[in-house]
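Next come the chains, spelled out residue by residue.
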Amino acid sequence: MDVFSSSNSSFSIVNHRLMGGGVIHLECPKNRRGLGEPDMIILHYTAGMDAISSAKFLVKPDVKASAHVVIGRDGQVIQMVPFNIEAWHAGKSSYGGRNELNHCSIGIELDNLGQLRLEGGKFVAECGKEVLVGEVYTEDSGEVPTYWHDYTDVQMRVLNEVCGLLVDTYPIGDIVGHSDVTSRKVDPGPALRVADWIKFY
């Protein structure tokens, strides 16, 4: 049994699965292809109603997407696919001269509603859910401001912990956002501020 742990983490990795920290494990039998040694992490947002419903959606056999892990806004971690099995999270993608990045990456989904629209003084997600003003991140570097669901502090702490453990366990060379590997996507969005966050690795 392969066990990897870090002294500053409540998690460990046992046989390519996260353990500890109250991790929930769901089965995703549609993913069977071996991943070997993943060397990058790709971050996404779910754009779903909550972490558990997003995870349950991703494991459905008729859904052509999946991910290794979902991290909830309260820090809850749900793992669907072991880290040595390929998940379908990157789609048609390229980075650093490589294509089809599902073959070499771990996909982490963050429970987040993504880009918001301002309607009648209220911030509304694509799924129709309203977001409180205190949970809105405003990106105003362009001509017109855009609004995004912000990430929580505990979510970022758990993401940091999980990524730190993955970096210690696998030959991870890059941690990037989905939008870094395909122009089709905007996640995880400017609220994550990947460029600032990634400096810890």
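Before reading on, note that the structure itself is shown above.
Please read all numbers here as calculations on a predicted model, not as lab measurements.

Visitor: Explain the overall build of the chain to me, please; I cannot follow it from the model alone.
Guide: The number of helices and strands found in the chain is three helices and 16 strands. Taking 201 residues into account, the globule formula puts the C-alpha radius of gyration at 17 Å, and the chain, at 16 Å, falls close to it. Projected onto its principal axes, the C-alpha positions of the chain cover 55 × 35 × 35 Å. Scored against the burial criterion, the 201 residues of the chain give a buried share of 51%. Surface exposure of the chain reaches about 9900 Å², of which carbon and sulfur atoms provide 51%.

Visitor: I tried to follow the pattern of salt bridges on my own but got confused; where do I start?
Guide: Think of it this way: side chains of opposite charge can pair up when their charged atoms draw near. Applying the stated criterion across every chain yields a total of six salt bridges. Ionic pairing is found between Asp 39 and Arg 98, a salt bridge with its closest N-O pair at 2.9 Å. Taken together, the residues span a long stretch of sequence, with Asp 39 in the loop between β4 (24-25) and β5 (40-45) and Arg 98 in strand β9 (residues 98-99) at a distance of 59 residues. Notably, a salt bridge pairs Arg 117 with Glu 119, separated by 2.4 Å at the nearest N-O pair.

Visitor: Explain the environment of Ile 172 to me, please; I cannot follow it from the model alone.
Guide: Within the secondary structure, Ile 172 is located in the loop between α2 (153-169) and β16 (174-177). Separated by 140 residues in the primary sequence, Ile 172 and Arg 32 have C-alpha atoms spaced 21 Å apart. Once residues lying within four places of it in the same chain are set aside, the contact partners of Ile 172 are Pro 38, Asp 39, Met 40, Ile 41, Leu 166 and Val 167.

Visitor: Can you walk me through the sheet that holds strand β6 (residues 69-71) in this structure?
Guide: The strands making up a sheet are joined through hydrogen bonds of the backbone, oriented either antiparallel or parallel. Within the open sheet, the six strands sit side by side as β4-β7-β6-β10-β5-β16. Their pairing is mixed. Both outer strands of the open sheet, β4 and β16, are each paired with one neighbouring strand and no more. In this sheet, strand β10 (residues 105-110) lies alongside β5 in parallel orientation, the contact comprising six bridges. What sits directly across from Met 40, in β10, is Ser 105.

Visitor: Just to check I follow, could you spell out the environment of Gly 173 for this structure?
Guide: Along the chain, the position of Gly 173 falls in the loop between α2 and β16. A C-alpha to C-alpha distance of 27 Å links Gly 173 and Val 59, two positions 114 residues apart in sequence.

Rules of the game
- Residues numbered from 1 in each chain as written.
- Predicted model: local features only at pLDDT ≥ 70, side-chain atom pairs only at ≥ 80, totals over all residues.
- Heavy atoms only, no water.
- Helix = DSSP H or I, 4+ residues; strand = E, 2+ residues; numbered from the N terminus.
- Rg over C-alpha atoms; globule rule 2.2 N^0.38 Å.
- Buried < 20%, exposed > 50% of the residue type's maximum accessible area, 1.4 Å probe, protein only.
- Areas by Shrake-Rupley, 256 points an atom, 1.4 Å probe, with all protein chains shown as cover.
- Salt bridge = Lys/Arg side-chain N within 4 Å of Asp/Glu carboxyl O.
- Contact = heavy atoms within 4.5 Å.
- Pairing = 2+ DSSP bridges.

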